[in-house]
Amino acid sequence: MQTAEICISDPSTDGRDATRISQKQSRRLKQFLMDVAYFYDLPRWANEILFELLMEMDADGEVVISMGVKKRIASELRISVPSIKNAISIYAKKDILIRQQTGVYQFNTQIFGKRQWQYIRDIRMGVNYDTNGTRQLQIEVEYYN
């Protein structure tokens, strides 16, 4: 069995009182999303959409994706609303987003942890490759107190 590990750590940032993510945290999150996209075989264009949806996540890991949210994200990223809908469909099929009800999704806590990104101190992504050629993603999240 072979193992690969990616560690994203930022001890210089105290996110306990943060309400928004910092520029440094934003870079870390985008880096993490590129790795998630690679592991889940997501199209490259879907990363920015996932980033924007994570910015909409509430304290319980849910995101309400209304038409207004889709239009705002589409405008910010200069893409079409159907592209947003297509990305959400892909995320749901890959269990990155779990549909709770119409327009309400839960981020997969095994990937994104159980709290908003600004409260994450460290995140470790490990990939285990067995002799059969299958791989398993393992993510460990450490939070600020």
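Here, the structure is the one placed above.
From a predicted model like this one, the values you see are computed outputs, not experimental measurements. (Residues numbered from 1 in each chain as written. Predicted model: local features only at pLDDT ≥ 70, side-chain atom pairs only at ≥ 80, totals over all residues. Heavy atoms only, no water.)

S.K.: Help me understand helix α3 (residues 67–77) in this model?
M.R.: Along an α-helix, a turn takes 3.6 residues, which lines up residues three or four apart on a common side. Within the span of α3, buried status applies to Val69, Lys70, Ile73 and Ala74. The buried residues of α3 all sit within an arc of 130° when viewed along its axis, so they share a single face. Turned more than 90 degrees away from the buried face of α3 sit Lys71 and Ser75, all of them exposed. The secondary structure elements touched by the buried residues of α3 are α2 (46–55), β2 (62–64) and α4 (81–93). Once α3 ends, the next one or two residues include Arg78, with phi positive near 55°. (Buried < 20%, exposed > 50% of the residue type's maximum accessible area, 1.4 Å probe, protein only. Helix = DSSP H or I, 4+ residues; strand = E, 2+ residues; numbered from the N terminus. Arc of directions from axis to C-beta. Contact = heavy atoms within 4.5 Å.)

S.K.: It is not clear to me how the environment of Glu56 should be interpreted in this structure. Could you clarify?
M.R.: Within the secondary structure layout, Glu56 lies in the loop between α2 and β2. C-alpha separation for the pair Glu56 and Val69, spaced 13 residues apart in sequence, amounts to 8.6 Å. Not counting chain neighbours up to four residues away, the residues in contact with Glu56 comprise Glu62, Val63, Val69 and Arg72.

S.K.: Honestly, the sheet that holds strand β3 (residues 97–101) in this entry has me stumped. Any pointers?
M.R.: Strand-to-strand pairing in sheets goes through backbone hydrogen bonds, with the strands running parallel or antiparallel. Taken together, the 3 strands give an open sheet; going across it, the order is β2-β4-β3, and neighbouring strands pair in antiparallel fashion. Each end of this open sheet is capped by a strand with a single partner; those strands are β2 and β3. Put simply, the sheet's adjacent strands are angled 35° from each other on average, direction ignored. As judged from the 3 bridges shared by β2 and strand β4 (residues 104–107), these two strands associate in the antiparallel manner. Across the sheet, the residue bridging to Val63 is Tyr105, located in β4. (Pairing = 2+ DSSP bridges. Axes fitted to C-alpha atoms, helices over the stretch in contact; angles between N-to-C directions.)

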